[in-house]
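A closer look at the structure
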Amino acid sequence: MTQDAATIEKRYQDFIRQVVDTNAVWGLTKDETWATSSSAEYEDTEVILFWSDEAGAKACAEDDWADYVPESITLVEFLENWCVGMYGDALLMGANWDTDLTGKEAEPLEVALDVTKEVRAQNKTLTFTQYDNQEDFEEQVIEALEGGDEETEM
């Protein structure tokens, strides 16, 4: 049974709010390998899964991922390294998937923009290491998204 789009979108919005609240993003790892799933929407596309809390990640550590453990990264690391890197590798991001492995599949740079919008909405500021500041990061993400299929260097 598939979940309705409203439930999946709510889980995605909860993911965005919670990772900004906690400054942490969770994944499942085993020997430096992060849990991925095949996209339900796009053939031959992998989705790297992330959760907004350890419990959500731990709940999915079963079957093929039984030997995986929850691992957290900072929000800035998620934005700078993961979202940008996944975009460059043409991977999608899965946010707060449930134990049935259903959830939103999103373009990583769109997730990055949603996160930075929430950061501003919460009157927070992120300190980036690979960009001059939060505005610089956002501008480069927007340029990459507007560039579409063109090669954009981030």
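Our subject is the structure that appears above.
How each quantity is defined
- Residues numbered from 1 in each chain as written.
- Predicted model: local features only at pLDDT ≥ 70, side-chain atom pairs only at ≥ 80, totals over all residues.
- Heavy atoms only, no water.
- Helix = DSSP H or I, 4+ residues; strand = E, 2+ residues; numbered from the N terminus.
- Rg over C-alpha atoms; globule rule 2.2 N^0.38 Å.
- Buried < 20%, exposed > 50% of the residue type's maximum accessible area, 1.4 Å probe, protein only.
- Contact = heavy atoms within 4.5 Å.
- Areas by Shrake-Rupley, 256 points an atom, 1.4 Å probe, with all protein chains shown as cover.
- Lys, Arg positive; Asp, Glu negative; His and termini not counted.
- Charge placed at Lys NZ, Arg CZ, Asp CG, Glu CD.
- Expected span 1.5 Å × (residues − 1).
- Pairing = 2+ DSSP bridges.
- Patch = residues over 30% accessible without salt bridge, like charges linked within 9 Å, V, L, I, M, F, W, Y side chains within 5 Å.
- Salt bridge = Lys/Arg side-chain N within 4 Å of Asp/Glu carboxyl O.
- Axes fitted to C-alpha atoms, helices over the stretch in contact; angles between N-to-C directions.
- Left-handed = near helix turned anticlockwise from the far one by under 90°.
- Nonpolar A, V, L, I, M, F, W, Y, C, P; charged D, E, K, R; others polar.

1. Observations concerning the overall build of the protein chain
- For the protein chain, the count of helices and strands is five helices and seven strands.
- Its C-alpha radius of gyration of 15 Å places the protein chain within 12% of the 15 Å reference for a compact globule of 154 residues.
- The principal-axis extents of the C-alpha atoms in the protein chain amount to approximately 40 × 35 × 30 Å.
- For the protein chain, buried positions account for 45% of its 154 residues.
- Restricting the contact set of the protein chain to residue pairs at least 6 apart, pairs at least 24 apart contribute 69%.
- Roughly 8500 Å² of accessible area belongs to the protein chain as shown, and the carbon and sulfur atoms make up 43% of that amount.
- Within the protein chain, one finds 9 positive and 38 negative side-chain charges whose respective centroids are separated by 10 Å.

2. A few points about helix α4 (residues 108-121)
- For α4, with 14 residues, the first-to-last C-alpha span of 20 Å sits near the 20 Å given by 1.5 Å per residue.
- Listing the buried residues of α4 in full gives Pro108, Leu109, Val111, Ala112, Leu113, Val115, Thr116, Glu118 and Val119.
- If you follow the buried residues of α4, they end up packed against α1 (5-22), α3 (75-88), β6 (92-95), β7 (104-106) and α5 (134-147).
- Positive phi shows up at Asn123, right after α4, with a value of about 55°.

3. With respect to unusual backbone geometry
- Backbone geometry at Asp44 places phi at a positive 60°, although glycine is not the residue there.
- Tracing the sequence through the fold places Asp44 in the loop between β3 (36-38) and β4 (46-50).
- Phi at Asn96 is positive, roughly 50°, even though this residue is not glycine.
- On the secondary structure map, Asn96 appears in the loop between β6 and β7.

4. Brief notes about the sheet that holds strand β1 (residues 24-30)
- Strand order in the open sheet made by the three strands is β2-β1-β5, with antiparallel pairing throughout. Each having just a single partner strand, β2 (33-34) and β5 (69-74) make up the two edges of the open sheet.
- Note that β1 and β5 share six bridges and pair antiparallel. Within the sheet, the bridge partner assigned to Val25 lies in β5 and is Ile73.

5. So, a negative patch on the surface
- A grouping of Asp31, Glu32, Glu71 and Glu77 is seen on the molecular surface, where their side chains present a negatively charged patch.
- Along the chain, Glu32 falls in the loop between β1 and β2.

6. Considerations on the packing of α4 against α5
- In contact at an axis separation of 10 Å, α4 and α5 are set at 145° when each is read in the N-to-C sense. Judged by the twist between their axes, the crossing of α4 over α5 is left-handed. Between α4, through Leu109, Glu110, Ala112, Leu113, Thr116, Val119 and Arg120, and α5, the contact on the second element is made entirely by Gln134, Phe137, Glu138, Val141, Ile142, Ala144 and Leu145.
- Classifying every residue of the contact of α4 with α5 gives nine nonpolar, two polar and three charged.

7. Regarding the sheet that holds β7
- Sheet architecture is open: four strands sit in the order β3-β4-β6-β7, paired in mixed fashion. Both edges of this open sheet fall to β3 and β7, since each of them pairs with a single strand only. Here the strands of the sheet are splayed against their neighbours by 35° on average, with no regard to which way each runs.
- Here β4 pairs with β6 via four bridges, running parallel. Bridging from a neighbouring strand, Ile48 pairs with Met93 of β6.
- Where α3 meets the sheet, its contacts fall on β4 and β6, and the angle it forms with β4 comes to roughly 160°.

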